[in-house]
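What follows is the residue order along each chain.
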Amino acid sequence: MGVLAAERIKLTSTKSPVWCTALLVIFALGIAALFSLALNASWRVFEDQLAQGKMTPADAPYAENSVAGLGITGLAQGIPGFGYLMVMILAALAVTSEYRFGTIKTTFLAVPSRTSVLLTKAGVIGVAMALLSAVLTFLGFFIFKVMVNHDAGSHLSLSSGDLRVFYAVPLFILLVVFLAVGVGTLIRQSAGALSLLIVWPVILEPMVGAFGKVGREIQVLLPFQNAGLFLGTVDAKSSYWHWGPWGGLAYFAVFVALIFGAALFVVNKRDA
């Protein structure tokens, strides 16, 4: 219980978690509001094109439930996941800041089990951010429901719509926290850890798909693309996929487990 209380205090009493959490809320709700306006504009264009016979009803840009988490998860192409990037920054800094200021030595002296320290740190942050992301996803849904015009938002429903986004986003956030804590532990420097965590999903993975057929065959084996398959932010109908959404979640979870496992191994072998 002592290590749990210590990690809770660190999370709530330092500035970086507060700023990252505030930005997560702003991005999650702000992007939902902006995308609602964009959907309304798209619907007006659709109605004009439909009247001119240039589009059919099948082309209607309906808003689906999956857009509720857009400010957190982003889209594989075009919209970065600002929300989950804030979560990864928060989680990585929770480790690298301790190495930077030397408090990690005090932590390991107080709690000799380094594995317990990392598991508790990742668990506290992961549960807190997963719960917050669940709330923000529901709020994002209601923002779309209120702001999107009636016709474009007719598919938004908690009773008949696909509810996967409401549990997929918290699961994804929980996993990225463990990933970020693992990366932060392995690299130990804030700049290096944050650069890798941001550049990998935002630039490197999307870039791989630009290299023709070979690139797309490799891209479906990359971790964040598989997370996107589960979240519904990538094209799940692509013939390059070898499995479905739950396979994507399992693939990403195994990747996270390997990184976090490597962090546990290294932190128990080297000096703080």
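Cut-offs applied
Residues numbered from 1 in each chain as written. Predicted model: local features only at pLDDT ≥ 70, side-chain atom pairs only at ≥ 80, totals over all residues. Heavy atoms only, no water. Axes fitted to C-alpha atoms, helices over the stretch in contact; angles between N-to-C directions. Helix = DSSP H or I, 4+ residues; strand = E, 2+ residues; numbered from the N terminus. Left-handed = near helix turned anticlockwise from the far one by under 90°. Contact = heavy atoms within 4.5 Å. Nonpolar A, V, L, I, M, F, W, Y, C, P; charged D, E, K, R; others polar. Buried < 20%, exposed > 50% of the residue type's maximum accessible area, 1.4 Å probe, protein only. Core = buried A, V, L, I, M, F, W, Y, C linked by side-chain atoms within 4.5 Å. Phe/Tyr/Trp six-rings, centres within 6.5 Å; stacked < 30°, edge-to-face > 60°. Expected span 1.5 Å × (residues − 1). Polar contact = N/O pair within 3.5 Å; in protein donor to acceptor, adjacent residues only side chain to side chain.

A. How the structure looks around the packing of helix 6 (residues 114-147) against helix 11 (residues 245-269). The contact between helix 6 and helix 11 brings their axes to 9 Å, and the two run at 140 degrees. The chirality of how helix 6 crosses helix 11 is right-handed. Contacts between helix 6 and helix 11 involve Arg 114, Thr 115, Leu 118, Leu 119 and Ala 122 from the former and Phe 260, Ala 263, Leu 264, Val 267 and Asn 268 from the latter. Here the contact of helix 6 with helix 11 is composed, by residue class, of seven nonpolar, two polar and one charged.

B. Focus on the environment of Ala 168. Relative to the elements of secondary structure, Ala 168 occurs in helix 7 (residues 164-187). Among the residues examined, Ala 168 registers a relative accessible area of 1% and is labelled buried. With 60 residues separating them in the primary sequence, Ala 168 and Gly 228 have C-alpha atoms 10.0 Å apart. Setting aside its immediate chain neighbours within four residues, Ala 168 contacts Phe 230 and Leu 231.

C. Layout of the nonpolar core. Formed by 66 residues in total, the largest nonpolar core has its most connected members in Phe 172, Ile 173 and Phe 252. Only helix 2 (15-51), helix 4 (82-101), helix 5 (103-110), helix 6, helix 7, helix 8 (190-208), helix 10 (223-231) and helix 11 provide two or more residues apiece to this core. Per element, the largest residue contribution to this core is 14 residues, and it comes from helix 7. Discounting chain neighbours no more than four positions away, the residues touching Phe 252 are Phe 172, Leu 175, Val 176, Leu 179, Pro 223, Phe 224 and Ala 227.

D. Quick peek at the packing of aromatic side chains. Enumeration over the complete set of coordinates arrives at 15 aromatic pairs. Relative to Tyr 62, the ring of Trp 43 lies with its centre 5.3 Å away and its plane at 50 degrees, an arrangement referred to as tilted. Within this pair, whereas Trp 43 is found in helix 2, its partner Tyr 62 is found in the loop between helix 2 and helix 3 (70-73), the two being separated by 19 residues in sequence. Residue Trp 43 is classed as buried on the basis of its relative accessible area, which comes to 6%.

E. Focus on unusual backbone geometry. Non-glycine residue Arg 188 carries a positive phi angle of around 70 degrees. Checked against the element boundaries, Arg 188 lands in the loop between helix 7 and helix 8.

F. Spotlight on helix 11. The end-to-end C-alpha distance of helix 11 is 36 Å, a good match for the 36 Å that 25 residues give at a rise of 1.5 Å each. Within helix 11, the full set of buried residues consists of Gly 248, Leu 249, Phe 252, Val 256, Phe 260, Ala 263, Leu 264 and Val 267. Those residues of helix 11 that are buried lie in contact with helix 4, helix 5, helix 6, helix 7 and helix 10.

G. Geometry of the side chain of Lys 121. By the element assignment, Lys 121 lies in helix 6. A distance of 3.5 Å separates a polar atom in the side chain of Lys 121 from the backbone oxygen of Ala 94. In this structure the side chain of Lys 121 is engaged in a polar contact, spanning 2.5 Å, whose partner is the side chain of Glu 98.

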